[in-house]
Amino acid sequence: LELEARLRTAIAANELILYYQPQMDAPSRTMTGVEALIRWNHPTKGILPPAVFLPIAEEAGLIYEIGTWVLREACRQMKSWHDNGGPLIPVAVNLSSQQFHQPQLVSYIRAILEETGLPPQYLELEITESMMVNAAVSVEILKDLNALGVRISLDDFGTGYSSLSYLKHFPIDKIKIDRSFVKDIAQNDNDKAIVATIITLAQHLNMLVIAEGIETKEQLDILMHNDCRDIQGYYFSHPLPAEELESHFFVPR
Ligand code: G
Ligand code: G
Ligand code: MN
Ligand code: NA
């Protein structure tokens, strides 16, 4: 409860921050995108991960305000990077289920894009299968988002239900292979088969595919051998504060 009260003031107090994790084209070692990941810079507890406060935010109804802040801040930062010699890459933002089902979602994303000046193709929205409890409702939301021109990516792919029917009916641009399949890929032939099959599926559906949670060279080699170039994970980088991303990953263009 103390944390909840404190969280209510955290936005105004500028205590929420975004970290950015690079998404790399493995063969060329170039950054092709970043995922924005929220942190709370708590005055006494230090940097808190989302698992500690997002459930509280959802419970307390603060998730809408926080979710809007994340979208605006991610778009503002990316536009600023684009304008100041940074890479012309998209930023991926995670949506919560409550946010996804907000009636105003599409209109406020449009407003944030206009306000920040970020072209829509540079915003990628990460959703999960678990959000799509009602397929008929979800497909309408996704069509509206698609019409806005933003990219849709399916996060934690393979861990929910009915993935294949979603892929058939929904306007999805990119699949993120969940890190649970990557973790033991060097030891477990079933995991390797699942990952290889997801990659092939994405290719045949003309979708982008990225593997998450790559921590070792061995995992990376298996993915590249299976024709997956897009890689996100600690092997390349942990999520970083904006200034650290700039100093470690920006190259002159
Ligand atoms: O960054 P970390 O590994 O601690 O993230 C843990 C979880 O929190 C991940 O599932 C991630 O998708 C989620 N998360 C991180 N940032 C955000 C955000 O801005 N909004 C939402 N809804 N979820 C986020
Ligand atoms: O659920 P989602 O995919 O949004 O979660 C993303 C989170 O996964 C990131 O915030 C990050 O903290 C975590 N993550 C990213 N790369 C790795 C990795 O290589 N290993 C592990 N264990 N976690 C990772
Ligand atoms: Mn994600
Ligand atoms: Na994931």
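Note that the structure is predicted; figures quoted are calculated from it, not measured.

Asks: With reference to specific residues and values, describe the pairing of strand 4 (residues 91-94).
Replies: Of the two faces of strand 4, both are covered, the one formed by Val91 and Val93 as well as the one formed by Ala92 and Asn94. Judged from the three bridges that link them, strand 2 (residues 30-42) and strand 4 form a sheet pairing that is parallel. Of the residues in strand 4, the one forming a bridge with Glu35 is Ala92. Pairing between strand 4 and strand 5 (residues 123-128): four bridges, direction parallel.

Asks: Tell me about the packing of helix 1 (residues 2-10) against helix 2 (residues 50-59), residues and numbers included.
Replies: Between helix 1 and helix 2, the least distance of the axes is 10 Å, while the angle of their chain directions is 85°. The orientation of helix 1 relative to helix 2 falls into the category roughly perpendicular. Across the interface between the two elements, Leu3, Glu4 and Leu7 from helix 1 touch Phe53, Ile56 and Ala57 from helix 2. Residue composition of the contact of helix 1 with helix 2, by class: five nonpolar, no polar and one charged.

Asks: Can you explain the nonpolar core? Please cite residues and give values.
Replies: Formed by 59 residues in total, the largest nonpolar core has its most connected members in Ala36, Ala74, Val91, Val93, Leu123, Ile177 and Ala211. Broken down by element, this core gets its largest block of residues, eight residues, from helix 3 (residues 63-83).

Calculation notes
Residues numbered from 1 in each chain as written. Chains lettered and ligands numbered in written order. Predicted model: local features only at pLDDT ≥ 70, side-chain atom pairs only at ≥ 80, totals over all residues. Buried ≥ 20, exposed ≤ 12 C-beta atoms within 10 Å, placed from the backbone. Helix = DSSP H or I, 4+ residues; strand = E, 2+ residues; numbered from the N terminus. Pairing = 2+ DSSP bridges. Axes fitted to C-alpha atoms, helices over the stretch in contact; angles between N-to-C directions. Parallel < 35°, antiparallel > 145°, perpendicular 65-115°, else oblique. Contact = placed C-beta atoms within 7 Å. Nonpolar A, V, L, I, M, F, W, Y, C, P; charged D, E, K, R; others polar. Core = buried A, V, L, I, M, F, W, Y, C linked by C-beta atoms within 7 Å.

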